[in-house]
Structures are given as C-alpha cells and as structure tokens.
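Structural description and commentary
As a plain string of letters, each chain reads:
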Amino acid sequence: MINLIKGFHDILPDESQKWAFITNKARRCLERFGFREIVTPIMEKTELFRRGIGQATDIVEKEMYTFDDIGGESLSLRPEATAGILRSVVEHSLLRHEPILKIFSIGPMFRRERPSKGRFRQFFQINAEVLGDDSPLTDAETILVAFSMLEDIGAKDFSVEINSVGCRDCRDKYRSELRRFLQPSFNRLCPDCQRRFETNPLRILDCKEPECMRIGADAPLISDWLDASCRDHFDQVKTALDSVGVTYRVEPRLVRGLDYYSRTAFEFVHSQLGRTKAIGGGGRYDSLIEELGGPNVSGIGFGIGIERLAMNLPDEGALFQSKIDVFIAIIGSNARGPCFRIANQLRKLGLSVEARYSDMSLKAQMKVADRLCAKWVIMVGENELTQGQFTIRNMKTKNQLLVELSGIEQVVRGEEI
RNA sequence: GAGGGCGUAGCUCAGUUGGCAGAGUUCAGGGUUGUGGCCCCUGCGGUCGUGGGUUCGAGUCCCAUCGCUCUCCCCA
C-alpha cells in the first residue's frame with residue numbers, strides 16, 4: 001500500500017462538507033466586503049519567494065519545497081499566498097486598471113515543518129489582500145472582514161491581537177534602541193535569539209524561552225518609538241475597530257514571522273487551546289509590491305488556516321448534514337433501465353436523486369436510503385412500470401401514496417404527505 | 001531540530017505469567033417472499049507496522065527500523 005506524504009492529509013467526504021461550509025461562508029463574507037477571488041498557481045519560481053518573503057526567514061531558508069525543474073529552473077511550492085498573488089497582480093498590471101484592489105484566494109500552502117496538532121506540511125488558507133490603499137480605515141476593515149468571517153463561520157473562543165510595528169523609519173530607530181538594550185544580555189539569549197539579534201531583534205520579544213522572556217520583560221516597546229504619523233495611524237485603526245464593536249487586545253510584543261510587515265500587524269488567536277495557536281494573522285506591508293516590480297503602493301492582508309478553523313468547530317451536527325431528495329428503490333432487474341432514465345429526469349428538475357443499480361434487496365435499498373437521509377423513496381418494479389404509477393414514501397412520516405411520474409415533483413416539493 | 005506516547009479487523013479498542021487471534025461497531029445476508037431506523041441470528045473482514053533476536057513456543061520479552069501522534073520551537 002502506498003500511503004500519503006508525511007504532514008499531508010486527505011479531506012474525506014465527511015470532513016469535506018465542513019470545509020465547503022467554511023469556504024462558502026468565507027466567500028460570501030468576503031464578497032460582501034467587495035473582495036473578488038483570484039486563483040494563482042501553487043508553484044512559482046523560487047526567486048519570487050526569496051524576494052517577496054525574504055531570504056533570511058525560516059520559511060525560505062528551511063521550509064520550502066524547492067526543486068529544479070527539468071529545464072534547470074528552481075521552482076518552489078508556495079509557502080504562503082501573498083507573494084504569488086502580488087506577482088500576478090503586478091504581471092497583469094491589475095493596479096493600473098483598478099488602483100485599489102481587493103482580492104482573496106483560497107488554496108493549499110506548503111511548508112516542510114515538523115507536523116503536529118494543527119500544523120501540516122500542506123495546509124489550506126483563506127487569504128485576502130487590499131492593495132493600493134493606506135487609510136487606517138482599510139486596516140480596520142481588513143481586520144473586520146476577517147473577524148466577521150470567523151463570526152459567520154461560528155468560530156468560538158478566539159481573540160484579536162493587534163500591534164503597530166511602525167514604518168521603516170521608526171522601526172530602524174527602535175531596532176537600534178532594542179539592540180542597545182539587549183547587548184549586555186546577549187550571551188544569555190537562546191541561540192535562536194542570538195541569531196535574531198542581527199537579523200530581526202524584534203522577534204526576540206516574541207521568544208518563549210524563559211530566559212529570553214525575562215530579558216525582554218523590561219525592553220523598550222515599539223509603541224514608544226512610533227513616529228507621529230505611525231502613532232496617529234494606529235490610533236485611527238483602534239478607533240475604527242471600537243466603532244464597529246470589534247474587541248481586540250493591543251499586544252505590544254506582537255511581531256509577525258514574515259519580515260515585510262509595517263505598521264498594523266494582527267493575529268487571531270485561539271484562546272482555549274495553547275496560547276500560540278494562531279488561526280490567522282496578517283498585517284500591512286509597504287514595500288513588497290514595489291519590490292516585485294509593481295508601483296510603490298502599500299497593501300494589507302491576512303491569512304486564515306482552514307484546518308485550524310475546522311478544528312475549533314464542532315465535528316458533527318445537522319449543520320453539515322446533507323440530504324438527498326429522492327432515492328429510487330429498484331425492484332427487479334427489468335426496472336433498472338427505466339429507473340436510470342427516471343433518475344435523470346428528476347435530476348433535470350433540480351432534485352438530488354440517488355439509486356443503486358446493483359442487485360440488492362428492497363430492504364437493503366431502504367437501508368441505503370435511510371443512511372443517505374433521503375426525504376423520499378420511490379419504489380419502482382414491473383407493476384409500477386406497466387401501470388405508470390409509483391409508490392412514493394415519505395421517510396419521516398412513513399406515509400405512502402401512488403403517483404404518476406409527472407406528479408412526483410409536486411409531491412416532493414410540496415412535502416404534503 | 002529536542003523530548004514523550006502509541007502502532008492488533010474498514011473504524012474504536014481488549015488481549016492476564018510468553019501458550020488456539022478477540023469484542024464492539026461498520027459492511028453483507030437472513031429473521032419479515034416488495035418497505036429504513038430498534039431488536040435477534042449468521043457471515044465477510046488479520047503479514048498483530050516492518051525486519052531481526054531470545055524461546056519448544058512471541059501480539060506479549062529484547063534490538064533496530066518505519067509510521068502516526070502530542071509537547072517544545074516556529075507558524076496558519
């Protein structure tokens with residue numbers, strides 16, 4: 001037997017109903033906010049991710065599925081959505097036609113990490129981006145659309161954490177200040193953080209090593225180093241969120257894993273399970289579009305992990321239970337051909353119809369109908385076919401009556417017996 | 001990358017001191033000749049993860065290995 005790749009997973013039919021529920025709700029919500037869908041390839045040139053995400057990040061350094069194509073070109077499965085989306089936007093000059101662009105995408109991402117609960121090597125993300133608009137209200141609305149989506153889907157026990165990581169200028173100043181503060185304690189930092197000291201000292205405040213947390217406890221905070229315009233921007237984001245009833249917590253140590261964020265950063269954190277279990281997150285980026293060859297405009301976006309979302313939803317329930325309208329129970333092999341045609345006729349009317357064409361007792365077929373939660377069963381044998389009348393049974397009330405083929409739709413739609 | 005736990009029927013699991021491979025459930029058939037759920041009966045279903053070792057004899061003990069899973073790290 002050949003089994004699936006470590007860290008990958010199948011979405012089996014039972015689970016897929018839940019997935020359809022989530023993605024349908026998400027689509028509807030995003031469309032209400034004016035987002036349109038974009039579908040980009042799951043594979044891109046490796047260079048795109050090196051430029052877009054940053055060569056020094058863990059994702060690009062250690063976690064990408066990268067290989068050389070037969071032509072010798074280095075390709076990678078996408079570890080996140082934004083780079084590919086922006087590549088497409090820039091390549092097709094979408095911002096020229098529509099200077100403010102709101103788009104979303106739903107699809108699989110790939111990171112070769114060690115799998116654990118809620119973490120997979122292939123995972124699905126709902127991703128949304130607003131490009132070309134740096135109003136703080138857009139930041140708030142982007143957080144709001146994600147928040148509304150989680151509400152619509154029925155996610156419970158999550159909280160919103162936000163922070164401003166400032167623009168490049170304030171971050172540069174803050175970064176030097178932070179280095180100055182951490183320098184005396186450098187040797188006590190964990191190896192990761194010693195490396196981060198050079199590459200991205202902000203992440204040290206995010207470290208969960210006890211010693212690093214102690215050292216970072218009294219560190220200066222980015223909020224004290226925001227310049228006037230960044231502080232004003234952040235204040236307006238918070239005011240806007242307040243005005244629509246989004247409850248959030250300002251988390252001054254929140255720093256996102258990807259390097260390109262500026263100003264607003266946010267996460268949706270599941271508050272019951274372990275505290276590091278983000279179900280989604282995002283933020284503003286101001287140089288990424290230009291870096292990829294587009295105009296010098298900023299964008300803001302977020303990603304939400306579908307698996308983690310699904311994990312926090314109840315497993316079973318009528319919510320995801322699908323029902324078929326009609327099951328055709330076939331009595332005797334001579335009735336199969338006619339039933340095959342009848343099934344198709346009823347489907348053309350818009351009904352969901354099931355039948356089994358292999359040799360089965362009526363009892364067995366009734367069991368199947370029951371298992372499929374059929375609302376109606378039509379029983380068709382030679383008698384019925386010669387008389388042109390069929391027994392139709394309401395599976396809930398157990399009432400039955402004889403109807404002609406043409407009357408089936410009315411009975412099913414009316415549910416009158 | 002570090003550290004735990006677990007691998008026995010499609011699924012959930014039991015298996016005592018090393019001594020015939022088990023239960024529930026699912027599925028199929030029957031009880032009810034053309035009528036579902038509940039009940040009863042019967043049946044199908046196994047390389048005990050894999051490979052070695054110890055032993056008269058290994059699901060059980062030992063070694064190795066693979067897989068899954070959880071925690072830490074990191075993230076969605």
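Look up a bit, the structure's there.
Anyway, here's the lowdown on the structure attached to this text.

What counts and what doesn't
Per chain, the residues get numbers from 1 upward, laid out in the order the sequence is written. The order in which chains are written sets their letters, starting at A; the order in which ligands are written sets their numbers, starting at 1. It should be noted that, the model being predicted, local features are given only for residues of pLDDT at least 70 and side-chain atom pairs only at 80 or more, the latter also being counted only at that level, while totals for whole chains, interfaces and linings use all residues. Note that water and hydrogens are dropped before the side-chain values are worked out from all heavy atoms of the structure. Starting at the N terminus, helices and strands are each numbered in turn, a helix being any DSSP run of H or I of at least four residues and a strand any DSSP run of E of at least two. C-alpha atoms define the radius of gyration in this analysis, and the globule rule sets the expected value at 2.2 Å times the number of residues to the power 0.38. Between buried and exposed lies partly exposed: a residue is buried under 20% and exposed over 50% of the maximum accessible area for its type, with that area taken using a 1.4 Å probe on protein chains only. In this description, contact between two residues means that some pair of their heavy atoms is separated by no more than 4.5 Å. The Shrake-Rupley method, run with a 1.4 Å probe, gives the accessible areas here. Residue values count only the displayed protein chains as cover. When charges are counted, Lys and Arg are positive and Asp and Glu negative, with His and the chain ends excluded. For this purpose, a charge sits on NZ of Lys, CZ of Arg, CG of Asp or CD of Glu. Salt-bridge detection follows one rule: a side-chain nitrogen of Lys or Arg within 4 Å of a carboxyl oxygen of Asp or Glu.

**Some words on the overall build of chain A**
The number of helices and strands found in chain A is 16 helices and 16 strands. Computed over its C-alpha atoms, the radius of gyration of chain A comes to 28 Å, more than 25% above the 22 Å expected for a compact globule of 417 residues. With respect to the three principal axes, the spread of C-alpha positions in chain A is 95 × 50 × 45 Å. The buried share of chain A, taken over its 417 residues, is 49%. Long-range pairs, those at least 24 residues apart, make up 69% of the contacts in chain A with a sequence separation of at least 6. For chain A, the exposed surface amounts to about 21,100 Å²; the carbon and sulfur share of it is 49%. Taking the average location of the 58 positive side-chain charges in chain A and that of its 59 negative ones, the two points are 4 Å from each other.

**Observations regarding the environment of G283**
Mapping G283 onto the fold places it in strand β10 (residues 278-285). Ignoring sequence-local partners within four residues, the contact set of G283 consists of Y261, T264, A265, F266, G299, I300 and G301.

**Examining the pattern of salt bridges**
Summed over the entire model, instances satisfying the criterion amount to 21 salt bridges. With its nearest N and O atoms 2.6 Å apart, the salt bridge here joins D139 to R284. A residue pair is termed long-range when its members are at least 10 positions apart, and D139 in helix α6 (residues 136-153) and R284 in strand β10 qualify at 145 residues. We note that D139, like R284, is buried. Among the salt bridges present, the one from E354 reaches R356, with a minimum N-O distance of 3.0 Å. Judged by relative accessible area, which is 24%, E354 ranks as partly exposed. The exposure class of R356 is partly exposed, given its relative accessible area of 27%. Shared partners join several salt bridges into a network, and the residues in it are E47, R50, R51 and E291.

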